[in-house]
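Chains, contacts and geometry: an overview
Residue strings, one per chain:
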Amino acid sequence: MDEPTAREPASVAELAQVRAWTVTASKGWWLTAERTVDVHGRRWVVGLTPTAGGATALMLWCDDVVVSHRRGPERALCGLAVHWVTNLLAGRPWDAG
């Protein structure tokens, strides 16, 4: 399956169905979800991980420098992660509307 187009993914489990995403798990729980995008010689990594208290953390790195970090509900951050990847692949700034 390629990047979802009909709707945003509702969970990391749905991201795991997309070949380009790497999801690691242990004991039935996901630990990390990552997608790497190479654009114009720069390496971008979009990553998600669960945090204490049930929130999810979303991070964006460019060439090993953290560019952005968000915390919130898994569903919302999965959608935002896909939005960032879509922008990068389209040649737009990652945070374009």
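Quick summary incoming for the structure in this document. Just so it is clear, the model here is predicted, and its values are computed rather than measured.

**Some points on the packing of aromatic side chains**
- Scanning the model with the defined rule gives one aromatic pair in all.
- Ring centres of W84 and W94 lie 4.9 Å apart, and the angle between their planes is 85°; this geometry places the pair in the edge-to-face category. Within this pair, whereas W84 is found in helix α2 (residues 74-89), its partner W94 is found in the segment after α2, the two being separated by ten residues in sequence.

**What to know about the nonpolar core**
- In terms of nonpolar packing, the biggest core is built from 22 residues, with W21, W44, V46, L48 and L58 touching the most fellow members.
- Take this core: its biggest share by element is seven residues, from α2.
- For V46, the contacting residues outside a window of four places in its chain are W21, A33, E34, R35, L58, M59, L60, A81, W84 and V85.

**Overview of the sheet that holds strand β3 (residues 42-50)**
- If you walk across this open sheet you meet the five strands as β1-β2-β3-β4-β5, and the pairing is antiparallel. Edge positions in the sheet fall to β1 (22-26) and β5 (65-72), since each of these pairs with one other strand and no more. Taking each pair of neighbouring strands and ignoring which way they run, the sheet shows an average axis angle of 15°.
- Here β3 runs beside strand β4 (residues 56-62); their pairing, made up of seven bridges, is antiparallel. Bridged to L48 within β4 is L58.
- Against the sheet, α2 touches β2 (29-39), β3, β4 and β5, its axis set at about 15° to β4.

About the thresholds
- Residues numbered from 1 in each chain as written.
- Predicted model: local features only at pLDDT ≥ 70, side-chain atom pairs only at ≥ 80, totals over all residues.
- Heavy atoms only, no water.
- Phe/Tyr/Trp six-rings, centres within 6.5 Å; stacked < 30°, edge-to-face > 60°.
- Helix = DSSP H or I, 4+ residues; strand = E, 2+ residues; numbered from the N terminus.
- Core = buried A, V, L, I, M, F, W, Y, C linked by side-chain atoms within 4.5 Å.
- Buried < 20%, exposed > 50% of the residue type's maximum accessible area, 1.4 Å probe, protein only.
- Contact = heavy atoms within 4.5 Å.
- Pairing = 2+ DSSP bridges.
- Axes fitted to C-alpha atoms, helices over the stretch in contact; angles between N-to-C directions.

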